[in-house]
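What follows is each chain in one-letter form.
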Amino acid sequence: MTPTPHSRRDVLKGAVAIAAAASVGTTSARRAIAQGSARAQIDGVLRQAVDAKEVPGVVAMAATDKGVLYEGAFGLRALDQSTPMTLDTVFRIASMTKAITSVAAMQLVEQGKLKVEEPVPNIDPGLGSPQVLEGFDAAGAPKLRPAKRPITLRHLLTHTAGFSYDIWDANTGRYIKAAGLPARPTGKLASIRTPLSFDPGDQWEYGVNIDWAGRLVEVLSGQSLDVYFRDKIFAPLGMKDSGFVVSAEQRSRQARVHARQADGVLAPQPWESAPVANPEFWSGGGPLYSTARDYLTFLQMLLNGGSWNGARLLKSETVAEMNKNHTGNIPAGIMKTQNPGLSNDVDLFPGAEIRWGLGYMLNMQPGPNGRSAGTVSWGGIYNTYYWLDPSKRVTGLIMTQILPLPTPAR
């Protein structure tokens with residue numbers, strides 16, 4: 001997810017500074033940062049955000065298709081400790097997982113095991129016989145009907161299949177309670193067997209769509225998603241700090257999640273529980289750990305047309321297809337919170353034309369701070385964000401660990 005322009009002012013200035021440096025052209029941007037002018041500007045705004053307690057700590061990086069353009073780390077991994085944030089700090093990247101799952105799905109498309117526009121294989125009733133939730137009767141029982149059309153991979157990767165999240169959809173939350181569905185962290189497939197909020201292809205709504213795409217990868221590849229990611233994406237790219245489970249050594253480098261209190265103060269939260277052993281499925285929608293360096297490598301692969309450091313993950317034409325508008329005139333990006341502790345209302349770029357590619361958000365118009373039309377981006381609920389500008393051949397990310405999303409300016 002991407003912050004609204006009025007949120008996280010100081011930290012976003014760092015991302016804007018990176019984008020502005022890049023907007024003058026790759027060669028000029030590299031020269032400016034090498035000479036220190038742009039680096040000093042970016043360092044200054046990120047350090048200011050830490051000093052002002054807007055964030056406990058932050059890591060930001062940017063790169064072109066040639067190499068790293070900027071990297072910086074400021075502040076602390078946890079406010080109740082003295083360990084500084086470093087470039088190899090481990091983060092919970094949440095929905096930044098979705099782009100990785102989308103790449104895995106498109107690998108299967110290239111292998112002929114999946115097709116973007118055809119109904120997805122009937123691996124589960126939740127996909128093969130989807131039901132639409134039309135409301136609840138007087139007794140509170142859900143009112144369901146069969147969906148008017150089948151779900152395609154394009155629907156899943158663009159969040160137009162009809163699946164939603166209870167964080168932003170009240171009826172889905174009510175259904176989960178009425179049906180007694182388990183929580184997603186349980187690793188049970190029943191946790192994503194929710195009805196649709198609308199017929200596939202009719203609207204955009206953020207939801208468990210990419211979890212289902214990940215489940216397709218598991219079934220059609222014959223590998224669990226953790227193993228598939230390791231073998232087909234992380235190992236080829238050298239992403240040694242990315243995975244669903246952290247080792248003891250990685251935990252020692254992990255940043256703690258902080259929650260902003262009513263008075264604006266950031267409070268460190270307890271460590272999350274370890275993932276369930278032997279889950280029924282690994283979630284393709286959210287629970288990965290990674291570092292800024294690892295994820296930047298993944299972004300450089302996309303920026304370079306599917307290959308990086310001698311490893312080709314996708315064909316260049318596949319990446320180009322992922323970066324196109326696949327939702328037509330359907331607007332995207334606006335989410336009304338049902339759980340203020342996790343998320344505020346999200347309106348990504350108010351008034352802007354926002355659409356969706358095969359795995360991430362798509363800006364249809366140039367942005368005011370150097371973002372080109374055709375830039376793709378998204379992020380995670382703990383306030384981690386990435387963007388990739390194919391026109392200017394530049395990509396970047398900014399990572400911290402704060403709830404709720406997006407953190408409002410004080």
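Residues numbered from 1 in each chain as written. Predicted model: local features only at pLDDT ≥ 70, side-chain atom pairs only at ≥ 80, totals over all residues. Heavy atoms only, no water.

A short note on the sheet that holds strand 2 (residues 68–75)
Moving on, step 1. If you trace the seven strands from one edge of the open sheet to the other, you get 2-1-17-16-15-14-13, paired in antiparallel fashion. On the outer flanks of this sheet lie strand 2 and strand 13 (354–356), each paired with one strand and no other. Put simply, the sheet's adjacent strands are angled 20 degrees from each other on average, direction ignored.
Moving on, step 2. Looking at chain direction, strand 14 (residues 361–363) and strand 15 (residues 376–380) are connected through two bridges and run antiparallel. Note on strand 15: the bridge partner recorded for Met361 is Ser377.
Moving on, step 3. Along the sheet, helix 11 (residues 292–303) makes contact with strand 1 (57–64), strand 2, strand 16 (384–389) and strand 17 (394–399), crossing strand 17 at roughly 155 degrees. (Pairing = 2+ DSSP bridges. Helix = DSSP H or I, 4+ residues; strand = E, 2+ residues; numbered from the N terminus. Axes fitted to C-alpha atoms, helices over the stretch in contact; angles between N-to-C directions. Contact = heavy atoms within 4.5 Å.)

Things to note about the pattern of salt bridges
Moving on, step 1. In the structure shown here, the tally under the stated rule is 19 salt bridges.
Moving on, step 2. Salt-bridge contacts for Arg393 lead to Asp65; the nearest nitrogen and oxygen are separated by 3.1 Å. Remark: Asp65 occurs in the loop between strand 1 and strand 2 and Arg393 occurs in the loop between strand 16 and strand 17; sequence separation between them is 328 residues.
Moving on, step 3. Residue classification places Asp65 among the buried residues on the basis of a relative accessible area of 14%. (Salt bridge = Lys/Arg side-chain N within 4 Å of Asp/Glu carboxyl O. Buried < 20%, exposed > 50% of the residue type's maximum accessible area, 1.4 Å probe, protein only.)

Things to note about the nonpolar core
Across soluble globular proteins, nonpolar side chains show a tendency to be buried alongside one another.
Moving on, step 1. Phe229, Ile233, Tyr295 and Phe298 are the most contacted members of the largest nonpolar core, which has 108 residues in total.
Moving on, step 2. The dominant element in this core, judged by the number of residues it contributes, is helix 11, at eight residues.
Moving on, step 3. When residues no more than four places from it in sequence are discounted, the contact partners of Phe229 are Thr97, Ile100, Thr101, Ala104, Phe234, Phe244 and Leu288.
Moving on, step 4. Counting residues in each nonpolar core, the second largest holds five residues, with Leu133, Phe136, Tyr175 and Leu181 among its members. (Core = buried A, V, L, I, M, F, W, Y, C linked by side-chain atoms within 4.5 Å.)

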